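Analysis of the macromolecular model
Listed below are the residues making up each chain.
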Amino acid sequence: MKRSLLIVSAICALMLGVAPLVYAVGWAPVEDATGFASVATDDAELRAVSGGTGGCSVTATSYMKFDLSGVTLLIGSAKLTLTLTRVNVGSGSAKLALWSVTDDTWTESSVLANSPALITELASVTYPAGGQPSLGGLVIFDSNTLDPRLVNFLNDQLDTDPDQLVTLALRVTECGTGVYEYRVGSSENGNSAARPSLELSTPTAVRLASLDGRVESTVAWPLYAGLAVLGLATAVAVILSRRRATF
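Along each chain, residues carry numbers from 1 onward, in the same order as the chain's sequence is written. The model is predicted, so local features are restricted to residues of pLDDT at least 70 and side-chain atom pairs to those at 80 or more, both for listing and for counting; the totals for chains, interfaces and linings are taken over all residues. Side-chain metrics rest on all non-hydrogen atoms present in the structure, leaving aside hydrogens and water.

**Here we look at the overall build of the protein**
Our working definition: A run of DSSP states H or I qualifies as a helix once it reaches four residues; a run of E qualifies as a strand once it reaches two. Both are numbered from the N-terminal end. Using a 1.4 Å probe on the protein chains alone, a residue whose accessible area is under 20% of its type maximum counts as buried, one over 50% counts as exposed, and one in between counts as partly exposed. Contact between two residues is taken to exist if any of their heavy atoms lie within 4.5 Å; hydrogens are not considered. In these tables, accessible area is a Shrake-Rupley quantity obtained with a 1.4 Å probe, and a residue counts as shielded only by the protein chains included in the view.
On a plain count of helices and strands, the protein comes out with three helices and 14 strands. Within the protein, buried positions represent 43% of all 247 residues. Considering only contacts in the protein between residues 6 or more positions apart, those separated by 24 or more positions represent 78%. For the protein, the accessible surface area stands at approximately 12,000 Å², while carbon and sulfur atoms represent 58% of it.

**Concerning the packing of aromatic side chains**
Here is the rule: When two rings of Phe, Tyr or Trp (its six-membered ring) have centres within 6.5 Å they constitute a pair, described as stacked for plane angles under 30 degrees, edge-to-face for angles over 60, and tilted for the intermediate range. Criterion for a charge above a ring: Lys NZ or Arg CZ within 6 Å of the ring centre, and within 35 degrees of the ring normal.
In total, this model carries two aromatic pairs according to the counting rule given. Taken together, a centroid distance of 5.9 Å and an interplanar angle of 50° make the contact between Tyr63 and Trp106 tilted. With Tyr63 in strand S5 (residues 57-67) and Trp106 in the loop between strand S7 (94-101) and strand S8 (121-127), this pair connects stretches of sequence that are 43 residues apart. Measuring from ring centre to ring centre gives 5.6 Å for Tyr127 and Tyr182, while their planes differ by 25°; the resulting arrangement is stacked. Here the residue Tyr127 occupies a position in strand S8, and Tyr182 occupies one in strand S11 (residues 178-185), the gap between them amounting to 55 residues. An identical accessibility class is assigned to Tyr127 and Tyr182; each is buried. Above the face of the Trp106 ring, Lys65 is positioned so that its terminal group lies 4.6 Å from the ring centre.

**Some details on the pairing of S8**
Rules: We call two strands paired when DSSP finds no fewer than two bridges between them.
Among the seven residues that make up S8, five are buried, leaving the element largely enclosed by the rest of the structure. Note that S7 and S8 share six bridges and pair antiparallel. Within the sheet, the bridge partner assigned to Ala97 lies in S8 and is Ser124.

**Focus on the environment of Thr72**
Here Thr72 shows up in the loop between S5 and strand S6 (77-88). According to the relative accessible area criterion, Thr72 is exposed, its value standing at 70%. C-alpha separation for the pair Thr72 and Leu158, spaced 86 residues apart in sequence, amounts to 8.4 Å.

**Examining the nonpolar core**
Using the following cut-off: Remark: nonpolar core denotes a set of buried residues (Ala, Val, Leu, Ile, Met, Phe, Trp, Tyr, Cys) joined through side-chain atoms within 4.5 Å.
Grouped together as the largest cluster of nonpolar side chains are 36 residues, with contacts concentrated most on Leu68, Leu80, Phe141, Leu154 and Leu168. Excluding residues within four positions of it along the chain, Leu168 makes contact with Ser62, Tyr63, Met64, Phe66, Leu80, Leu98, Trp99, Leu122, Leu150 and Phe153. Ala33, Tyr63, Val101 and Trp106 belong to the second largest nonpolar core, which has nine residues in total.

**What about the pattern of salt bridges?**
Where we set the bar: Salt bridges, as used here, are contacts in which a Lys or Arg side-chain nitrogen is within 4 Å of a carboxyl oxygen on Asp or Glu.
Within the structure shown, the criterion is met by eight salt bridges. Measuring nitrogen to oxygen at the nearest pair gives 3.0 Å for the salt bridge that ties Lys65 to Glu31. Placement of Lys65 in strand S5 and of Glu31 in strand S2 (residues 31-35) is noted, with a sequence separation of 34 residues between them. Via salt bridges that share partners, Asp43, Glu45, Arg47, Glu181 and Arg183 belong to a single interconnected network.

**Let's talk about the side chain of Asn189**
Note the threshold: What qualifies as a polar contact is a pair of N or O atoms within 3.5 Å, subject to a donor-acceptor requirement within protein and to the restriction that residues adjacent in sequence count only when both atoms come from side chains.
Summarising the element assignment, Asn189 is placed in the loop between S11 and strand S12 (197-201). Asn189 sits in the buried class, given a relative accessible area of 10%. One polar contact links the side chain of Asn189 to the main-chain amide nitrogen of Asn191, over a distance of 2.9 Å. Residues contacting Asn189, with those up to four places away along its chain left out, are Ala44, Thr85, Ala194 and Arg195.

**Quick word on the state of the cysteines**
We count it as follows: Cysteine sulfur atoms that come within 2.5 Å of each other are treated as a disulfide pair.
One pass over the structure, following the stated rule, counts one disulfide. Bridging Cys56 to Cys175, the disulfide has an S-S length of 2.1 Å. Between Cys56 and Cys175, the disulfide has an S-S torsion of 120° and is therefore right-handed. Here Cys56, found in the loop between strand S4 (45-52) and S5, pairs with Cys175, found in strand S10 (residues 165-175); they are 119 residues apart in sequence, far enough to count as distant. On the accessibility criterion, Cys175 (18% relative accessible area) is buried.

Scope: geometric values only; no functional claims are made or implied.
This is the structure we're talking about:
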């Protein structure tokens, strides 16, 4: 029995030794702003505006820059949550999309509606005519194995970008006649709950970080598994030792 207990304890110790401690890596976004045709706006709201009568021309695009320098494990899922602060739309449907941006040299005073360039659509939400969201509602871009575009972009940036910065852009890419304006809370918003929130997890669904201005720490699953096995082995040893003492 003692030998078995020693083996189990050794396995648990090994699991505890390899269990990585994962910490939040910073504030998110570290920079965010809205770019219009010739001017940038950096205030409490991020704007995505498009419209017109002959097509969905872009009036404003919002950019968000995240510092992922503390993320050292593979990302398995990602979720960006935005909070709507204003909705002003025409009578048709509209698609609000999240795009990748590979140029991270922009500042909150330099972005424009089409600069830096948007590369690939990573996720989108389509609102039907008459089904537009309400103020305070959430816009969630969720990426996992079913739709890995955002996850793939984040992992690629971590592999190839020395500064570990990631830029995401918000834009209305499809819309009907009229103006379609969506505003969401920025990192400067007075309501902390309305600020952008990017959550990352490993492929085993272990939470890596919440990059929304709240620093927190989490422990990967092997630690919990090791503690559970160690506790069970200890309980069994105690029960067996008491039974032997009885006889």
